[in-house]
Every structure is written in structure tokens, then in C-alpha cells.
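One letter stands for each residue in the lines below.
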Amino acid sequence: MKKKQFKSESKRLLDLMINSIYTNKDIFLRELISNGSDAIDKLYYESLTNKDLKIKKKDLAINISVNNDNKALIIEDNGIGMTEEELENNLGTIAKSGTLAFKEMMDKKKDINIIGQFGVGFYSAFMISKKIVVESKSINSNQGYSWVSDGLDGYTISECDRKENGTKITLYLKDDTDDFTYSDYISDYKIKNLVTKYSDYISYPIIYNNETLNSMVPLWKKNKKDIKEEDYNNFYSDKYYDYEKPVKVIHTSAEGMISYNALLFIPSHTPMDYYTKEYEKGLSLYSNGVLIMENCKDLLPDYLAFVKGVVDTEDVSLNISREMLQQTRSIQLIEKNIDSKVRKELEDMLNNDRENYKKFFEAFGPQLKFGVYNNFGMDKDKLKDLLLFYSSKKKDYITLKEYISNMKEGQESIYYASGETIDKIDNMPQIEQVKDKDYEILYLTDYIDEFAITALQEYEGKKFSNVKEEKLDLDEDKKEITKKLNEDNKDLLNIMKESINVSEVRFTNKLKNHPVCLTTKGEVSLDMEKVINAMPTDQKVKAEEVLEINEDHKIKDKLIDLYNNNKEELKNYTKILYSEARLIEGLQIDNPTEISNLICDIISK
Ligand code: ADP
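Owing to the predicted nature of the structure, the values given are computational and were not obtained by experimental measurement.

Asker: What exactly am I supposed to notice about the overall build of the protein here?
Answerer: Across its full length, the protein holds 20 helices and 22 strands. Its C-alpha radius of gyration of 33 Å places the protein more than 25% over the 25 Å reference for a compact globule of 605 residues. Its C-alpha atoms give the protein principal-axis dimensions of roughly 105 × 60 × 45 Å. Of all intrachain contacts in the protein linking residues separated by at least 6 positions in sequence, the fraction that spans at least 24 positions is 69%. Here the protein contributes 88 positive and 108 negative side-chain charges, whose respective centroids are spaced 1 Å apart.

Written out as C-alpha cells, the structure reads:
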């Protein structure tokens, strides 16, 4: 019989397990029991459509026994079993998400103590075993096979005479050392203790010495008052391989029109793949304790894609097809309920636990803002009160409602300015006139912000107003003077406009001490132009730019002087001023060499 070697990454994980730097060896039993339970789930699910499989539900169980002579612990299930190939593929290599997530984590952080919070799977049994024998017969094969390994030296697979479907795992415990008593794992006390601690909710009986050790009530069906925060957190990290506690746990149920139990979690950070197309939203759907779909996406609206969890309902039948689910009225009702429940909980957090909400919003705010403008703004009213924006006055994040309640008398609009960072916006010339009026400004630094604001259009009857828009003019007294100045210098401004590619050049009264700024007319702002053009599509847009020149700055006299005496030089100066305005906006200059030569010419004069 030929010995096969483990795949290299599996080998690394195995080394860790065997040398067991990790202190909490106990978790191995939870892992094996949960594998057994999954295997029974699979068999049960299969039996719903395959009538040849004769299953008696009451016989489905996981058995634990010990062999004191050999110091062996035996875990046996009557689930779906594994074929020769499956033994090879599943146990010879790191297969699944949990183990993979763990490996990625190891590569990054090298912190072994978080290991227990991952589904490290079958290999964890090597923490306590010097040899493992897996005997299995699949429902799809008449022949049983056994997989044997000491973890170090590869594994062998050979035929065995197991007749019943399912898997029997025999762990030959390591010898006791001064530091650790491995033989504890075959003591009654330890076995009972570990099963009730980690595997109580498993929905099949876990039998030891003719006694069922687990209550079989899944966590979401338990009474809230019997559940500790720790239980929720453990469930979450086990199931979703997340070592950080969720920012919110929502345990809820409904009776009446529709009845269900739901246990929902909001993660405290963005999963690595969250904003990629690999990420799939969804909740696990159970029908009366039996898993019918691992990731049912119809239970969540897109804007709540970050919610994880479980829904258990009697109102969908077990053998419903995936295609049918979406049309099922009960699923639609549950989705609606979950949607409003989660939003209500978020609102609660927003009002009563702002620090945690900010943490949540940092992770998933972009998702909510996307929700505001997605689907033609259909959901914006549901989401607008969950948004946070940075306030120029509070120097912190505020809601739109808070903005409205802080508005000054006579203030008509909700002012906002976008830019790369808070600091950069704070230094923009355009915002000074609004600040001078003592109006609050929302600083938008997330690329998606302005799209959400545009979709909202208004909040409580107040329009949003972009501080960087050309038409914004708050200085009533000066309006007429500025208008006249622009009319008197029409030709000058026209020459300037012709020398750069903008839709207008004008004098302005909005700039206090700064010489120039760039604003826009129309729908597309400079920041939207940046975002849209950075997208990998053919759709390119151009904002209608306006170069504004401070009428109270001495540059105005210089420009008029050049107009009268040297029109060529006027064009060069305009190019430089325009480049300055672009730089302030964080935009590129198309012709940097030309501009630096022009500047050099001027300073060498
Ligand atoms: P995970 O359980 O996270 O997938 P494991 O390393 O524990 O990772 O198991 C790898 C795979 O081996 C499982 O996904 C499953 O397909 C198979 N497996 C493990 N234990 C059993 C079992 N008792 N019965 C049937 N298949 C099993």
C-alpha cells in the first residue's frame, strides 16, 4: 500500500496542530461532531428527493465511545459517508472555507491563539492524537474505505469491511506528558463537559453510554434569557470564521401571518471580499431545524448584504426548489420583516450607541449609501436616516436630521463639499463664503457620497447645495457689482476662456483672500467626473468647469493690464491660473511640462 503525502499547505496546518502551540485543544471534539452532523444533514436532505434511501429520522445520531485499552476515543455518525475519492480529497488537503480562512489569517497575523475561533476542521484532531483512523462508507458506494494517518508522514487509504453508511473516526490519544494529560479525553466527565459546552445545539442526538448528552435545541430556538453573550459570539465566530465580535446581535422571532426564528449578526468590520463580486449575501434557511439552504439571498435586501445569520421557519416546505423560493410568499414576508427589524436596530444603535454605530458605518456605510441611489432611489426613504456625514462644525459625523436641527435662521439649503480628505476640503477656497455665514457644511470624502446626495435631492424640504457649484452666491450686497464687472470685461474673459478648455471664466466675490477656484455648472460635479471616469466602463463624462477669479485680488488688475498690453501673455497667465485651480481640487494637469516652463519664464523675468 502506497503512502501519500499531504498537500503542502495542509502540511503546514498539520504541523501546527501536531505541535499544538495552541492551548485550547478541546475544540477538536466540536469539529468532529459538527462534521458528523453535517454528514447526517446531507444524508437527510438527499433522502427527501431520493426515495431509494430509506432513512429513519429517529435513528440518525452521533455516537461517542471509548476504548480504554488502546486509549482511543471514537466518534461515529450514520451520515452520508465518504467514497475513496472523497477521503482522498477531503482529508488529504485543506478543503474548506474555514480552514482556508484560518490559513490566510495565519499568513497575515501569525497569532495562534485565535485558532479556536475558526472552523479548523478535521485536522484539529491531530492536536491530541498520535494516530487517526477514519473508516467510512458512502451511500454511493458498496465498499467501505479506511484512511489512516499519524499526521506526520502522509496517509494511506485502503478497503475496509464497514457495511453501514457513515463514518467512524478513531483517535488514538497521544501519550500523557508532564504538561498535558491527553487521557482526560476518554474520561466521562470530560466528554460530557465538552459536548454540552460546544455541541449542545447540534440537532441530532450525541449519544455516549446510552445517554443523549445534548439538548438539541439550536441557539436561535432557545429562550433569550438562557443565552449568554458569549454563546452568541461563539456561534458567530464558529459559523462565519470571524474572530472579531459582531457589532450587533439580533435575536428575533415572529408569530402569526408568518412564523420564524431568526438569529442575525452585523459584523464589526468589512469582510475582505465584501466589496467584490465574490461576496454573496444571504442567510442560512432552516425549516424546523433542518438546513435547507446555506445561503438564501432572497431573505435580505441588497443594502443589508452585510447581515449574517440564520432563519428557521415552518412555513416553507423542506423539498422546495431554489427557483421556487424567491416566489414563495412566506420568504418575501420574512425578508420584509427582517429588513425593517434590522433597520430599526440600526436606528437604535445610531441613537443610543453612537460610537458603535460609527464603527458599523465605517465598515458598511458605503453599502447603505449605495442603497440610497441604487434602483433609481427606490429605497432612499428607508435609508436616509441611517446615513452619517462629517460636519464642518461638529468635527464629527452627524445625521441629516441633526443637520436640519442645527440650521441657522434664513438658511435655505443643506451645504456640502466633496474632496479627498477632510483636511483638503477644509482648506478649499470655495467653502469660505459658506463658513463666513456660519452655515454648517457636510464634508463628503467617500466617492459614493455625492451620488447618494444627488439621489436624495432634498431632506425634509431642504435642498442639497454643492458649495463648489458656480451658481452658489451668498453675498447679496455684491451681486450687482460683480455682474457689472463681468459684463464690462466680457472680451477679456472670453480670451481667457478660449485659451483653456472650460465653459466659462468669470470674476467672483466668493473667494475672500484666495485668487482662484474651480466650480461647475450642471449635474456633473468635478468629484463625480473623477469617480465616473475612473470606472472601467466606456461611459466618460466631463463636468462643465468654471474658472472663477477673485475680483478683490490684485491678480484682477494684472489680468486687465495684460489684456490692454500683451494678449499672448494673458493666455499664458490664464493657463497657470487654471492649473492652480485644478491642483487645489486634487485634479491632474494635462500639460505639466508646458505649465512649469511658463512659470519658469515668468519667474526668470
Ligand atoms: P470542514 O468541515 O470545514 O469542511 P474538515 O477538514 O473538517 O473541514 O472536513 C473536510 C471535509 O471532509 C468536509 O467538508 C466533508 O466533506 C468531509 N468530512 C469530514 N468529516 C466527515 C464525516 N464525518 N462524514 C462525511 N464527510 C466528512
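Resuming the write-up.
Asker: What is the right way to read the pattern of salt bridges from this model?
Answerer: Here the idea is simple: oppositely charged side chains can pair when their charged atoms come close. For the structure shown, the criterion picks out 46 salt bridges. E345 is the salt-bridge partner of K341, the closest N and O atoms lying 3.2 Å from each other. One end of the pair is K341 and the other is E345, both in helix α8 (residues 329–352) and 4 residues apart, which spans about a single turn. Judged by its relative accessible area of 26%, K341 is partly exposed. Among the ionic pairs, D379 bridges to K382, the shortest N-O distance being 3.8 Å.

Asker: Explanation requested: the confidence of the model for the protein in the structure shown.
Answerer: Predicted confidence across the protein gives a mean pLDDT of 88, with 92% of residues reaching 70 or more. Low confidence marks residues 109–119, where pLDDT is under 50. Its contacts with residues over four positions away, or in another chain, come to 34 contacts.

Asker: Where do I start with the environment of L368 in this structure?
Answerer: Checked against the element boundaries, L368 lands in helix α9 (residues 354–373). Not counting residues within four places of it along the chain, the set of residues in contact with L368 comprises Y303, F306, Y357, F360, F361, L383, L386 and L387.

Asker: Is there a simple way to think about the sheet that holds strand β12 (residues 290–296) in this case?
Answerer: By definition, the strands of a sheet pair up through backbone hydrogen bonds, in either a parallel or an antiparallel sense. With mixed pairing, 5 strands are arranged side by side in an open sheet as β9-β10-β13-β11-β12. Whereas interior strands pair on both sides, the edge strands pair on one side only; in this sheet they are β9 (248–254) and β12. Strand-to-strand twist across the sheet, computed as the mean angle between neighbouring axes with direction ignored, equals 15 degrees. In the sheet, strand β10 (residues 260–266) pairs with strand β13 (residues 308–313) via 6 bridges, with the strands oriented antiparallel. Looking across to β13, one finds that N261 is bridged to D312.

Asker: Is there a simple way to think about unusual backbone geometry in this case?
Answerer: Here K71, not a glycine, exhibits a phi torsion of approximately 50 degrees, which is positive. Position of K71 relative to the elements: it lies in the loop between β1 (62–67) and β2 (72–77). The residue K512 is not glycine, and still its phi comes out positive at about 50 degrees. Along the chain, K512 turns up in the loop between β20 (504–508) and β21 (516–521).

Asker: So what exactly am I meant to see when it comes to the environment of Y416 here?
Answerer: With respect to the helices, strands and loops of the structure, Y416 is situated in strand β16 (residues 413–418). Judged by relative accessible area, which is 8%, Y416 ranks as buried. Ignoring sequence-local partners within four residues, the contact set of Y416 consists of I441, L442, L444, E450, I453, F464, S465, N466 and V467.

Asker: Hey, could you run me through the packing of aromatic side chains in this one?
Answerer: Remark: the centre distance and the inter-plane angle together describe each pair of aromatic rings, the angle taken between the planes. Tallied over the full model, the rule gives 30 aromatic pairs. Considering the side-chain rings of F122 and Y123, the 6.2 Å spacing of their centres and the 55 degrees angle between planes classify their relative orientation as tilted. Pair check on accessibility: F122 and Y123 agree, each one buried. Note on F370 and Y373: the rings are 5.4 Å apart at their centroids and 75 degrees apart in plane angle, and the pair reads as edge-to-face. With a gap of 3 residues between them, F370 and Y373 both fall in helix α9, about one helical turn apart.

Asker: Please clarify how the packing of helix α2 (residues 27–49) against helix α5 (residues 188–198) should be interpreted in this entry.
Answerer: Helix-helix packing is described using two parameters, namely the angle between the two axes and the distance between the axes. In contact at an axis separation of 9 Å, α2 and α5 are set at 65 degrees when each is read in the N-to-C sense. Where α2 crosses over α5, the two elements pack in a sense that is right-handed. Mapping the contact onto sequence places I27, L29, R30 and I33 in α2 and L194, V195 and Y198 in α5. Residues belonging to the contact of α2 with α5 are distributed by class as follows: 6 nonpolar, no polar and 1 charged.

Asker: For this particular structure, what's the right way to read the environment of K25?
Answerer: Turning to its location among the elements, K25 is positioned in the loop between α1 (8–19) and α2. Residue K25 is classed as buried on the basis of its relative accessible area of 7%.

Asker: Hey, could you run me through the nonpolar core in this one?
Answerer: Proteins that are soluble and globular tend to have nonpolar side chains buried together. One finds F306, Y357 and F360 to be the most contacted residues of the largest nonpolar core, which totals 72 residues. Counting residues per element, this core draws most heavily on α8, which supplies 8 residues. Sequence-distant contacts of Y357, that is, excluding residues within four places in its chain, are made with L346, M349, L350, L368, L386 and L388. L32, I33, I64 and I80 belong to the second-largest nonpolar core, a separate cluster that totals 51 residues.

Asker: Any chance you could explain the packing of helix α14 (residues 449–456) against helix α17 (residues 526–534) here in plain terms?
Answerer: Between α14 and α17, the shortest axis-to-axis distance is 9 Å and the interhelical angle comes to 115 degrees. Along this stretch, α14 crosses α17, giving a crossing that reads as left-handed. Of α17, the residues touching α14 (which contributes E450, F451 and T454) are D527, M528, V531 and I532. Among the residues forming the contact of α14 with α17, the class breakdown is 4 nonpolar, 1 polar and 2 charged.

Asker: Just checking my understanding: could you explain the sheet that holds strand β17 (residues 441–444) for this structure?
Answerer: Taken together, 6 strands build an open sheet; the order of strands is β15-β14-β17-β16-β19-β18 and the sheet is mixed. In this open sheet, the two strands that pair with only one neighbour each are β15 (397–398) and β18 (458–459). By the bridge criterion, 4 bridges tie β16 to strand β19 (residues 462–466) in an arrangement that is parallel. Bridging from a neighbouring strand, Y415 pairs with S465 of β19.

Asker: Explanation requested: a negative patch on the surface in the structure shown.
Answerer: Together, E84, E85, E86 and E159 line one region of the surface with negative charge. Broken down by element, the residue count for the negative patch peaks at 3 residues, all from helix α3 (residues 84–91). With respect to the secondary-structure elements, E159 resides in strand β5 (residues 155–160).

Asker: Looking at this model, I keep getting lost on the pairing of β9. Mind explaining?
Answerer: Regular strands show a simple pattern: their side chains alternate between the two faces of the sheet. Where β9 lies against β10, 7 bridges are found, and the strand directions are antiparallel. Along β10, the bridge assignment pairs S253 with N261. Here β9 folds back onto β10, and the loop between the two strands holds 5 residues, one of which, G256, carries a positive phi near 115 degrees.

Asker: I keep staring at helix α16 (residues 490–499) and nothing clicks. Help me out?
Answerer: Each turn of an α-helix holds 3.6 residues, which means side chains three or four residues apart point in the same direction. Buried residues of α16: L492, L493, I495, M496 and S499, and no others. One side of α16 holds all its buried residues, which, seen down the axis, span an arc of 155 degrees. For α16, the exposed residues set more than 90 degrees away from the buried face come down to K490 and E498. Check the buried side of α16 and you find it contacts α15 (479–488), β20, β22 (544–550), α18 (555–565) and α19 (567–584).

Each value, and the rule that gives it
- Residues numbered from 1 in each chain as written.
- Predicted model: local features only at pLDDT ≥ 70, side-chain atom pairs only at ≥ 80, totals over all residues.
- Heavy atoms only, no water.
- Helix = DSSP H or I, 4+ residues; strand = E, 2+ residues; numbered from the N terminus.
- Rg over C-alpha atoms; globule rule 2.2 N^0.38 Å.
- Contact = heavy atoms within 4.5 Å.
- Lys, Arg positive; Asp, Glu negative; His and termini not counted.
- Charge placed at Lys NZ, Arg CZ, Asp CG, Glu CD.
- Salt bridge = Lys/Arg side-chain N within 4 Å of Asp/Glu carboxyl O.
- Buried < 20%, exposed > 50% of the residue type's maximum accessible area, 1.4 Å probe, protein only.
- pLDDT = per-residue confidence, 0-100.
- Pairing = 2+ DSSP bridges.
- Axes fitted to C-alpha atoms, helices over the stretch in contact; angles between N-to-C directions.
- Phe/Tyr/Trp six-rings, centres within 6.5 Å; stacked < 30°, edge-to-face > 60°.
- Left-handed = near helix turned anticlockwise from the far one by under 90°.
- Nonpolar A, V, L, I, M, F, W, Y, C, P; charged D, E, K, R; others polar.
- Core = buried A, V, L, I, M, F, W, Y, C linked by side-chain atoms within 4.5 Å.
- Patch = residues over 30% accessible without salt bridge, like charges linked within 9 Å, V, L, I, M, F, W, Y side chains within 5 Å.
- Areas by Shrake-Rupley, 256 points an atom, 1.4 Å probe, with all protein chains shown as cover.
- Arc of directions from axis to C-beta.

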